[in-house]
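# Remarks on the overall topology
What follows is the residue order along each chain.
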Amino acid sequence: MKRLVTKAGGSGALLKAGWALAIKGLPALYGLGVIFVLLRALPVEEYGSYGVAWAFLNVAAMCTRGLWALTLVQRWASGAGERVLGAIVGLSLGTTLIGIAVGMILMPALGLSATETGLTCLALLILVPRDLAIA
């Protein structure tokens, strides 16, 4: 804390911290916006399908993000560089493909249609670059 409130660069450090907080808060605001838009567009009987798909998507994305992305990106930032880039992408895609396979079996058993299952699995694949960028 003492470092943030120095006379020479106190406002600069606080400004940087404010920008970092704003950038990290964007995914939360985006998620809230999507929820509010979808809640108005979906008929009431579709809320359950949306909830199942959203829950599965979040759990599967968290596995990828938590198991590989954050840890390996931290290694990359510490100087490992190009040596871990292939591992980051490969392990993230591998975990995502396992999640898609599980989703193709599990979500129809929970009552989602083939279209809803397919779109959820496609969204999971699309989240890999986003999660790596966030990490």
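These lines cover the structure that appears in this document, whether it is placed above or below. This is a predicted model, so every value here is computed, not measured. (Residues numbered from 1 in each chain as written. Predicted model: local features only at pLDDT ≥ 70, side-chain atom pairs only at ≥ 80, totals over all residues. Heavy atoms only, no water.)

A tally of regular secondary structure across the protein chain gives four helices and zero strands. Relative to its 135 residues, the protein chain shows a buried fraction of 24%. Counting every atom, the protein chain has about 9,200 Å² of accessible surface; 75% of that belongs to carbon and sulfur. (Helix = DSSP H or I, 4+ residues; strand = E, 2+ residues; numbered from the N terminus. Buried < 20%, exposed > 50% of the residue type's maximum accessible area, 1.4 Å probe, protein only. Areas by Shrake-Rupley, 256 points an atom, 1.4 Å probe, with all protein chains shown as cover.)

A word on the nonpolar core. Counting residues in each nonpolar core, the largest one holds eleven residues, listed as Ala-53, Phe-56, Leu-57, Ala-60, Ala-61, Ile-100, Met-107, Leu-112, Cys-121, Leu-124 and Leu-127. For this core, the leading source of residues is helix H2 (residues 47-80), giving five residues. Setting aside residues no more than four positions away along its own chain, Cys-121 makes contact with Ile-100, Gly-103, Met-104 and Met-107. (Core = buried A, V, L, I, M, F, W, Y, C linked by side-chain atoms within 4.5 Å. Contact = heavy atoms within 4.5 Å.)

Moving on: the side chain of Thr-120. Examined against the element boundaries, Thr-120 turns out to sit in helix H4 (residues 114-134). Thr-120 gets classed as buried once you look at its relative accessible area, which sits at 7%. In this view, Thr-120 contacts Ala-53, Phe-56, Leu-57, Met-107 and Leu-112; residues no more than four positions away in its chain are not counted.

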